[in-house]
Amino acid sequence: MSTARKPASGRLRDERLRDGPRPGEPRGPKKESAIARALLHPVRSLPLAFLLVILIGAGLLMLPFSRVDPGADPGLAPLFTAVSAVCVTGLVTVDTATFWTPFGHVVILGLIQVGGFGIMTLATLLALLVRKSLGLRGQLVAQSETHTLNFGDVRAVLFRVARIMLSIEAATAVALSVRFWLAYQQNPGVALWHGVFHAVSAFNNAGFALYSDNLIGFAEDPWILVPICLAIIAGGLGFPVIIQLLSGTRLKDWTVHLRLTVFGTLLLLVIGFVAFAAFEWNRPETLGPLSTGGKVLGALAGTVFPRTAGFNSIDYGVASSDTLMVTDILMFIGGGSAGTAGGIKVTTFLVLGFAIWNEVRGREQVTIAHRSISTSVQRQALTVALLGVAAVISGTLLLLMFTDHSLEKVLFESISAFATVGVSTGITYHLPESAQWVLMALMFTGRIGTITVASSLALSSRPRLFRLPEERPIIG
């Protein structure tokens, strides 16, 4: 019986598999290293990009002509300020108005703008990337939810975000500049600069101010506080929501995301207004000395500013414990997704609320506005919320270890940093460097972490082709 000889090409292939490619022969496509894959992944590259901007900003703020006293040791102030500005938080360890020179103020303004624009565009593009990773059915559902956005033209999305951002900032800057000029006798150049700075800081929910008392000096001036509040709300709604509102979509055609963000924002604003007014209306340390109009304006600011803005028109260091508790809740919830606001986001909070409500009523399916919410979305919301709780608890414990402040003030500061709010009871100025590192980590985690976690969970979601046997542990 004769045996068939293996073809020459087959023998050559076997030899190459055994001995490897010969010298001078191409080795085929080179595999990417694990580090390269990690750096190039769109979700993982987001924190690295923001970290690079932070380091550049800190380097600029360390320059001698960035500070009023170039000979003094700035400590961690340049790095802390850069983190706070890029993460659009507003917490500071030095007086922004007196510590930094005009050049330093320009650097801070640039970091705020880059941070706010980057968050809005990257969060929007990541949302579109998640939509593209879905199957056909998922894409059709997502298309109905974000029909105003198209991943096919990234440049159009970027320009649209920039156009909306600059338009709102310009309108706010004009209103503020005119008021600074006419009512506070500032020369036109200074009035314009202050108007632009506070408009950019407001829309990006940053909370940086060019006054040592922040906005306390304008506590009874609606021509200053109302434009700032409107800019904060607009920036906190998120780019997809702004686009749909500008498109004139009828109420009955609103998507679930649009309904949750708009109605949730209005509900939280009303609750915060009523609570703030009830707790501070007659207190001599806060709203008590103001006129009735000033009290109403103060209560409005007291419910808008904690929505991750960072401005303050009262001294939170003397606010009541009730007010601080309500502010903690508002800060942790935050604003809308794909916007400049922080926190766990309004949609996350409301999805969990509807899930609890439907569970209490014994319903298997969670529905909002005649639409069902998938279990994967519920799990993502639960993960983001619990990770936020874990970050706040960890930060609070570390701050208690490194300082001798009360739990109430430390918790307030920790939530303010994680939710990228920037409101402070006044203890940030006196924190040791170890505590400052904790706050910087919280600001960076709160700003980048929620977007990264939510996007990575959505991108890594894969249907399981089998089901394991179920078992029911005792709950509660």
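Residues numbered from 1 in each chain as written. Predicted model: local features only at pLDDT ≥ 70, side-chain atom pairs only at ≥ 80, totals over all residues. Heavy atoms only, no water.

Draft legend 1. View of the overall build of the chain. When you go through the chain residue by residue, the secondary structure sums to 18 helices and two strands. Per-residue burial for the chain yields a buried fraction of 47% across its 476 residues. Of the roughly 24000 Å² that the chain leaves accessible, carbon and sulfur atoms contribute 65%. (Helix = DSSP H or I, 4+ residues; strand = E, 2+ residues; numbered from the N terminus. Buried < 20%, exposed > 50% of the residue type's maximum accessible area, 1.4 Å probe, protein only. Areas by Shrake-Rupley, 256 points an atom, 1.4 Å probe, with all protein chains shown as cover.)

Draft legend 2. Up close: the packing of aromatic side chains. Applying the stated criterion across every chain yields a total of twelve aromatic pairs. Each ring, one from Y184 and one from F218, has its centre 5.2 Å from the other, and the planes form 85°; the classification is edge-to-face. Here Y184 is found in the loop between α8 (154–183) and α9 (188–203), whereas its partner F218 is found in the loop between α9 and α10 (222–237), with 34 residues between them in sequence. Overall, the relative accessible area of 31% leaves Y184 in the partly exposed class. In this structure F218 comes out as buried when scored by relative accessible area, which is 6%. (Phe/Tyr/Trp six-rings, centres within 6.5 Å; stacked < 30°, edge-to-face > 60°.)

Draft legend 3. Summary view of helix α15 (residues 346–360). Between the first and last C-alpha of α15 there are 21 Å, a value that for 15 residues agrees with the 21 Å anticipated at 1.5 Å per step. Within the sequence span of α15, burial applies to V346, T347, T348, L350, V351, L352, A355 and N358. Close packing links the buried residues of α15 with α12 (256–280), α14 (321–333), β1 (366–368), β2 (371–373) and α16 (375–402). Two residues or fewer after α15 comes G362, characterised by a positive phi angle close to 80°. (Expected span 1.5 Å × (residues − 1). Contact = heavy atoms within 4.5 Å.)

Draft legend 4. A nonpolar patch on the surface, seen in detail. Where nonpolar side chains cluster on the molecular surface, the patch consists of L382, L386, V389, I393, L397, L400 and L407 and spans about 610 Å² of accessible area. No other element matches α16, which puts six residues into the nonpolar patch. Relative to the elements of secondary structure, V389 occurs in helix α16. (Patch = residues over 30% accessible without salt bridge, like charges linked within 9 Å, V, L, I, M, F, W, Y side chains within 5 Å. Salt bridge = Lys/Arg side-chain N within 4 Å of Asp/Glu carboxyl O.)

Draft legend 5. Examining the pattern of salt bridges more closely. Summed over the entire model, instances satisfying the criterion amount to four salt bridges. The residue R283 makes a salt bridge to E280 at a minimum N-O spacing of 3.2 Å. By relative accessible area, which is 22% here, R283 ends up partly exposed. Shared partners join several salt bridges into a network, and the residues in it are E280, R283 and E285.

Draft legend 6. Highlighting unusual backbone geometry. Although it is not a glycine, Q185 adopts a positive phi angle of roughly 55°. Here Q185 shows up in the loop between α8 and α9. We classify Q185 as exposed; its relative accessible area is 64%. Positioned with a positive phi, K345 is a non-glycine residue whose angle comes to about 90°. Inspection of the secondary structure assignment puts K345 in the loop between α14 and α15. For K345, a relative accessible area of 7% corresponds to the buried category.

Draft legend 7. Expanded view of the environment of R447. Relative to the elements of secondary structure, R447 occurs in helix α18 (residues 433–459). C-alpha of R447 to C-alpha of F50: the two residues are 397 residues apart in sequence and 9.8 Å apart in space.

Draft legend 8. Spotlight on the confidence of the model for the chain. With 80% of its residues at a pLDDT of 70 or more, the chain shows a mean pLDDT of 83. Averaged pLDDT values for the elements of the chain fall to 40 in helix α7 (residues 136–145) and rise to 96 in α9. Confidence over residues 6–18 falls short of pLDDT 50; this stretch has eight contacts with residues more than four positions distant or in other chains. (pLDDT = per-residue confidence, 0-100.)

Draft legend 9. Main features of the side chain of S416. With respect to the helices and strands, S416 occurs in helix α17 (residues 407–418). The buried category is assigned to S416, whose relative accessible area is 0%. Residues contacting S416, with those up to four places away along its chain left out, are T89, L91, M331, V421, G422 and V423.

Draft legend 10. The packing of α12 against α15, seen in detail. Taken N-terminus to C-terminus, the directions of α12 and α15 make an angle of 95°; their axes are 9 Å apart at the nearest point. The pairing of α12 with α15 is recorded here as roughly perpendicular in orientation. Contacts between α12 and α15 involve H257, L260, T261, G264, T265 and L268 from the first element and V346, T347, L350, V351 and F354 from the second. For the contact of α12 with α15, a count of residues per class yields six nonpolar, five polar and no charged. (Axes fitted to C-alpha atoms, helices over the stretch in contact; angles between N-to-C directions. Parallel < 35°, antiparallel > 145°, perpendicular 65-115°, else oblique. Nonpolar A, V, L, I, M, F, W, Y, C, P; charged D, E, K, R; others polar.)

Draft legend 11. Quick look at the packing of α10 against helix α13 (residues 292–304). Where α10 contacts α13, the axes come no closer than 10 Å and their chain directions differ by 25°. What the angle tells us is that α10 and α13 run roughly parallel. The handedness of the crossing between α10 and α13 comes out as left-handed. Residue-level contacts link P222, L225, V226, C229, I232 and I233 of α10 to L297, L300, A301 and V304 of α13. Across the contact of α10 with α13, the residue classes tally to ten nonpolar, no polar and no charged. (Left-handed = near helix turned anticlockwise from the far one by under 90°.)

Draft legend 12. Region of the structure containing the side chain of T265. Mapping T265 onto the fold places it in helix α12. Ignoring any residue separated from it by four or fewer positions in sequence, one finds T265 in contact with L237, L260, R307 and V346.

Draft legend 13. Broad picture of the environment of R379. With respect to the element layout, R379 can be found in helix α16. Given the relative accessible area of 52%, R379 is considered exposed. Sequence-wise, R379 and L352 are 27 residues apart; in three dimensions their C-alpha atoms are separated by 9.2 Å.

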